[in-house]
Structure formats: C-alpha cells, structure tokens
Amino acid sequence: MADMNRKIQELLSDYAGALRDGCLPIFLQSLTRQEGKELTSSRDFWEAAEVVRVLNGVGFADKAAIADAGLFASRVDANIASRLKKAKSSPRAKHTNGTRSMTKTRKAEKPI
Amino acid sequence: MKGLNAPDVDRRRRAMEPFVRETFGIFIRYLYRYLGNEVECEDVLEDVYADIWENPDRLRDVESERQLLRTVYLYYMRKRLREVYKRMNRHLYLSQNDLTNLTAPELGVLDTMSQSELKQALGRALGRLKARERRAIELWLQGMSVRAIANELKTTVGAVKMLKFRTILKLKEMMSEYCHDQ
C-alpha cells in the first residue's frame, strides 16, 4: 500500500498555508497519527515553524482587517464590567452547596 | 501604563482605555503571528486585557516596548492562546505538548524582535537568498498558493514545497545571525 502520509516539507507548507488563511484547526485535524509522530521528531519543522509565524506576522498582519482601537477598548471595558459583576454577585461561590473543609468547620466551632 | 498598577479597581479600569488605545495595534499584530485570524485574535486579546486589569503586577517593572511585549506574551497571551485549541486535543493525533508548541510556543530568538526589526532582518535575509528562493518566498508573501507558485516558477508542487522548506530554514539561520549581531 502506498504511503499517503505527508513528508515534513509538505506538512510545513500546509501549516504555513493554514496559518496564512486563518484556518489552523483544519490543519490540526488533518494530521494522521504517523504525521503527528513525524512532527514530534523533526527539529527542522519546529525551526521552520518559527520563521513561518514571523512571515505571517510581517507579511500579513498589516493587511488584516483589524478593528478600531477605540471600539475595541469599549469591548474590553464590557468584559471588565462583566468580571466585576460576577465577582460582586458570588463572593463566596465556593461554599454555595453547604460543604466546607474540615479545618474551616473546626475553626468556626466555639471552644467549650 | 499610568494607573494600571493602582490598587483601586475602578482607577485601574479607567486606566485601561488609554492603555488599550496605545498597545492594541502592537498586540494584535503580534497575536496574528500565532492565529492568522482577526476574529480569534480579537477574542483572545479581549481576555488578555481583562486579565491585565485583574492582575497587572507583572507589568510593574516594564520599561520598553520590547519588554512589554515579552512580558504580556509570557504571562498573559500564552495562557489564553493555549486555551484556544485545547478542547480540540482529544480529537487530534498530536500530543498536548506539540499542540502547545504549535499554537503557543516558548519565545524563540525571532519572537523577541519587534515588527520593524523583523521587517529589517527579513529584508536583509531575502536579499542574500538565490533569485529562485527569493521569488518563491515573495510570491508566497503576495498570497499565492503553492500550485500558483509552481506554475510561476515552471516546476512541480512538490518541488516548490521542498524549495520553500529549505529556504525557510536558510532564512531562520540568517535572521538568527542578524539578531545576534544586533
């Protein structure tokens, strides 16, 4: 039976393509068991992957449709507000089911 | 960075807006290296900023842009990047370690360089390549597929993949040399 597994250079090329097109999960799912092993043992792949990421950042990040910083700041603020609300609404969420650790129960008991 | 380390949460919250405006472009371009997808970059970055607001201690001693990027990547971005594809792991033939190395790697020599430094280093390295190697990378950077590059260079798809792989390893060596010289 013919070996259908991709060679390291093909894997790198597909990884670079997936990264450029923003579909990394598709590349990850396409890997076979043998290809996964090949990646693990190939030092060249990891060296080249670093450059591929750099090329992606240098070559394509500037062309990407990046949101307006002002609009994004309000999105961050909404995230912070939601975290604040969560923190205020459940300050002792850990003990809502009534269970407490033995140490804490002992501490809470008054000495006779 | 003013007010970002204030103990009062509301003051810290007010300090976030100028911080986001100042750093958004740098951070999102940096994240783009690892994800290549604007929507995912924004989702991750939103959580990164909220994490910074919640726990800004790591940024206390930051003095330069390079240091800021390094600190934010190591202590805030990396954790969030790992979470992006973590759930996929059970369906993959890739170990958790390799998945982490692919999506949220340790900082390499090139990762610590700023965008402008990288552009400069890449420009120099491209200039030192053979014409055919340079052409393959340039066409790739123009957004062409491997098949289109093969047509352009009048060769096979397999040969282009091999050429690209070897050229990228060459680039890595040249750019690392440049980085050490700097």
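Located above this text is the structure these notes cover.
The rules behind the values
Residues numbered from 1 in each chain as written. Chains lettered and ligands numbered in written order. Predicted model: local features only at pLDDT ≥ 70, side-chain atom pairs only at ≥ 80, totals over all residues. Heavy atoms only, no water. Helix = DSSP H or I, 4+ residues; strand = E, 2+ residues; numbered from the N terminus. Buried < 20%, exposed > 50% of the residue type's maximum accessible area, 1.4 Å probe, protein only. Contact = heavy atoms within 4.5 Å. Areas by Shrake-Rupley, 256 points an atom, 1.4 Å probe, with all protein chains shown as cover. Lys, Arg positive; Asp, Glu negative; His and termini not counted. Charge placed at Lys NZ, Arg CZ, Asp CG, Glu CD. Polar contact = N/O pair within 3.5 Å; in protein donor to acceptor, adjacent residues only side chain to side chain. Phe/Tyr/Trp six-rings, centres within 6.5 Å; stacked < 30°, edge-to-face > 60°. Lys NZ or Arg CZ within 6 Å of the ring centre and 35° of its normal.

J.: Would you mind going over the overall build of chain B with me for this structure?
T.: Along its length, chain B carries 8 helices and 0 strands. Element order for chain B, N to C, with α for helix and β for strand: α-α-α-α-α-α-α-α. Expressed as lengths along the three principal axes of its C-alpha atoms, the size of chain B is roughly 65 × 45 × 25 Å. Classification of the 182 residues of chain B by burial places 51% in the buried group. For chain B, long-range pairs separated by at least 24 residues make up 59% of all intrachain contacts whose partners lie at least 6 apart in sequence. Accessible area for chain B stands at about 9,400 Å²; split by element, carbon and sulfur atoms hold 44% of it. Treating the 33 positive side-chain charges of chain B as one cloud and the 27 negative ones as another, the clouds have centres 6 Å apart.

J.: When you look at the side chain of E35(A) in this model, what are you seeing that I'm missing?
T.: All names here are of chain A. As for its placement among the helices and strands, E35 is situated in helix 3 (residues 33-41). At 2.7 Å, the side chain of E35 forms a polar contact with the backbone nitrogen of R6. A distance of 3.0 Å separates a polar side-chain atom of E35 from the backbone nitrogen of T32. Excluding anything up to four places from it in sequence, E35 contacts M4, N5, R6, L11 and S30.

J.: Even after reading the chapter, I still don't get the packing of aromatic side chains, so can you show me in this structure?
T.: The geometry of two aromatic rings is summed up by the distance between their centres and the angle between their planes. Residues and elements named next belong to chain B. On inspection of all chains with the given rule, the structure shows 11 aromatic pairs over all chains. Where Y34 meets Y73, the ring centres are 5.2 Å apart and the plane angle is 20 degrees; that geometry is what we call stacked. You can see Y34 sitting in helix 1 (residues 9-35) and its partner Y73 sitting in helix 3 (residues 65-86), a full 39 residues away along the chain. In terms of burial, Y34 and Y73 fall into one category: buried. R58 extends its terminal NZ or CZ atom over the ring of Y75, reaching a point 4.0 Å from the ring centre.

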